[in-house]
Amino acid sequence: MSRKVFVTGVGMIPFAKPGASAPYDQMGALAARQALDDAGVAYDDIEQAYAGYVYGDSTSGQKALYQVGMSGIPIVNVNNNCSTGSTALFLARQAIASGAAECVLVLGFEQMSPGALGAVFADRPSPFEPFDRVTDELVGMPELPLALRYFGGAGLAHMKKYGTPFDAFAKIRAKASRHAVNNPLALLRKEVTPQDVLDAPMIWPGVMTRLMACPPTCGAAAAVLVSEDFAKKHGLKADVYIAAQAMTTDRASTFESGDMMRLVGYDMSRDAAAKVYAQAGIGPDQLDVVELHDCFAHNELISYEALGLCPEGGADKFINDGDNTYGGKVVTNPSGGLLSKGHPLGATGLAQCFELTHQLRGSAGARQVAGARVALQHNLGLGGACVVTMYRAA
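Residues numbered from 1 in each chain as written. Predicted model: local features only at pLDDT ≥ 70, side-chain atom pairs only at ≥ 80, totals over all residues. Heavy atoms only, no water.

Per an unreviewed UniProt entry, the protein goes by the name propanoyl-CoA C-acyltransferase and belongs to Massilia genomosp. 1. According to the UniProt record, the Subcellular location (unreviewed entry) comment for the protein is "Peroxisome". (UniProt positions renumbered as here; feature names shortened; annotations may be inferred.)

Chemist: Go over helix 1 (residues 24-39), please, and point to the residues and values.
Modeler: With 16 residues, helix 1 extends 23 Å from end C-alpha to end C-alpha; this agrees with the ideal 22 Å at 1.5 Å per step. Among all positions of helix 1, only Asp-25, Met-27, Gly-28, Ala-29, Ala-31, Ala-32, Ala-35, Leu-36 and Ala-39 are buried. Considering only its buried residues, helix 1 is in contact with strand 1 (5-12), helix 2 (60-65), strand 4 (103-110) and strand 7 (219-227). (Helix = DSSP H or I, 4+ residues; strand = E, 2+ residues; numbered from the N terminus. Expected span 1.5 Å × (residues − 1). Buried < 20%, exposed > 50% of the residue type's maximum accessible area, 1.4 Å probe, protein only. Contact = heavy atoms within 4.5 Å.)

Chemist: Quick rundown of the nonpolar core? Include the residues and the values.
Modeler: Core analysis: the biggest nonpolar cluster contains 100 residues, and Val-224, Leu-309 and Met-390 have the highest contact counts within it. Per element, the largest residue contribution to this core is 7 residues, and it comes from helix 5 (residues 146-162). With residues up to four places along the chain from it excluded, the contact list for Met-390 reads Tyr-241, Ile-242, Ala-243, Ala-244, Val-276, Tyr-277, Ala-280, Ile-282, Leu-287, Val-374, Ala-375 and Leu-376. (Core = buried A, V, L, I, M, F, W, Y, C linked by side-chain atoms within 4.5 Å.)

Chemist: With reference to specific residues and values, describe the pattern of salt bridges.
Modeler: Under the defined criterion, the tally for this structure stands at 17 salt bridges. One salt bridge in this structure joins Glu-300 and Lys-175, with 2.6 Å as the shortest N-O distance. Placement of the pair is Glu-300 in helix 12 (residues 297-306) and Lys-175 in helix 6 (residues 167-180), with a sequence separation of 125 residues. Accessibility expressed as a relative area gives 0% for Glu-300, which makes it buried. You can call Lys-175 buried: its relative accessible area is 1%. Linked by salt bridges that have partners in common, Arg-251, Asp-259, Arg-262, Asp-267, Arg-270 and Asp-271 make up one network. (Salt bridge = Lys/Arg side-chain N within 4 Å of Asp/Glu carboxyl O.)

Chemist: Can you tell me about the sheet that holds strand 11 (residues 374-381), naming the residues and giving the values?
Modeler: Spatially, 10 strands are ordered 3-2-4-7-1-8-12-11-9-10 in an open sheet, and the strand pairing comes out mixed. Edge strands, defined here as strands with exactly one partner in the open sheet, are strand 3 (75-78) and strand 10 (331-332). Where strand 2 (residues 48-52) lies against strand 4, 5 bridges are found, and the strand directions are parallel. Among the inter-strand pairings, Ala-51 is bridged to a residue of strand 4, identified as Leu-107. Together, strand 1, strand 2, strand 4, strand 7, strand 8 (240-248), strand 9 (289-291), strand 11 and strand 12 (385-393) form the strand contacts of helix 15 (residues 345-361), whose direction differs from that of strand 1 by roughly 115 degrees. (Pairing = 2+ DSSP bridges. Axes fitted to C-alpha atoms, helices over the stretch in contact; angles between N-to-C directions.)

Chemist: Which residues make up a nonpolar patch on the surface, and what are the values?
Modeler: On the surface, a nonpolar cluster with roughly 310 Å² of combined accessible area is contributed by Tyr-55, Val-120 and Phe-121. Note on placement: Val-120 falls in the loop between strand 4 and helix 4 (129-138). (Patch = residues over 30% accessible without salt bridge, like charges linked within 9 Å, V, L, I, M, F, W, Y side chains within 5 Å. Areas by Shrake-Rupley, 256 points an atom, 1.4 Å probe, with all protein chains shown as cover.)

Chemist: Go over the packing of helix 6 against helix 12, please, and point to the residues and values.
Modeler: Their axes nearest at 9 Å, the elements helix 6 and helix 12 cross at an angle of 100 degrees. Between helix 6 and helix 12, the interaxial angle falls into the category roughly perpendicular. Along its contact with helix 6, which presents Ala-168, Phe-169, Ile-172 and Lys-175, the element helix 12 presents Ala-297, His-298, Glu-300, Leu-301 and Tyr-304. Along the lines of polarity and charge, the residues of the contact of helix 6 with helix 12 split into 6 nonpolar, 1 polar and 2 charged. (Parallel < 35°, antiparallel > 145°, perpendicular 65-115°, else oblique. Nonpolar A, V, L, I, M, F, W, Y, C, P; charged D, E, K, R; others polar.)

Chemist: I'd like to hear about the packing of aromatic side chains, residue by residue, with values.
Modeler: Under the criterion given, the structure shown has 7 aromatic pairs. Of the aromatic side chains, those joined through ring pairs into one cluster are Tyr-24, Tyr-53 and Phe-109. The ring of Tyr-241 is capped by Lys-4, whose NZ or CZ atom sits 4.2 Å from the centre of that ring. (Phe/Tyr/Trp six-rings, centres within 6.5 Å; stacked < 30°, edge-to-face > 60°. Lys NZ or Arg CZ within 6 Å of the ring centre and 35° of its normal.)

Chemist: Any chance you could break down the side chain of Asn-324 for me, citing the residues and the numbers?
Modeler: Assignment of secondary structure puts Asn-324 in the loop between helix 13 (315-320) and strand 10. By relative accessible area, which is 3% here, Asn-324 ends up buried. One polar contact links Asn-324 to Tyr-304, side chain to side chain, over a distance of 3.0 Å. Discounting chain neighbours no more than four positions away, the residues touching Asn-324 are Lys-175, His-179, Tyr-304, Phe-318, Ile-319, Val-330, Val-331 and Thr-332. (Polar contact = N/O pair within 3.5 Å; in protein donor to acceptor, adjacent residues only side chain to side chain.)

Quick look at the structure:
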């Protein structure tokens, strides 16, 4: 990266169950206004905008942002499955780092439907066909929704390979609930125990209960990114900057390895994290706080290893030692993660940015990680991309 990029403003609205939220455009406009207000800039100061969403017609980004302002700027609509929000962030950061822009707005929103995710366009080839084929070969279970088969199958693969106990996933979900108690923007804020998670309705015997899966939600989040020169010229906050960032997509190993963990993005996550650590010149042992993609408790466990937070096969020990929470090595998902907030696809990456920006500012309230100076964001989109971003306190 050629120029330093600062996160000078963030905004996020409370996530809600499908049917209980405002329409996507109103949610998006509200989050954008919050980010602008937090940054102390006007919409007319924005030179470019990137709007991320998955379930919506073309130019939904304009529909949301036109309620905030109509200044004629470029607005780019982004769709990269569950990594949509951080893909928009990646593009905005590139625009500033390259010198193409000085002040950019990034917005993510989603108005979701109840129930499991499914295809919208049934009259054309699905981008998930190769994923479905490998999943059919490795795990079967055609009666289950696809996302559960993917990530449950990955968790099962980890259990078989390393002897990981089923209750490891329950402990992750319980940890998420403890963190979410202190997050007023999370949907699920009731604390649950590992036994509560195990006693929840069984979706896949011995592999997954209902509480191990994140719920679909509606929501929006946004960020304003600026160059160092722009921040100085306008007297803006320059206390959090993007120290490194990488985006990866699938390699042949995704389909050829015969490994469900790799099918759901283990290699993408590992490779993106390695690039970020190399760019920043520090390793995972220097991280204070991490927001990672816990669409299922199983993916959080796998991601510990992919991101280098613990050795391969060491996730169960990492959990049992309390190294994934306050007082341990690195606090993971202090927001409560997707397991507690829910997962409005386009908003997720920007919600992670919101949380980590407040952690590095020291403004996260009761969920503040003491002395947080270095933060990592991991946002994964199956069949799309993985984006890993490192933030540092200036």
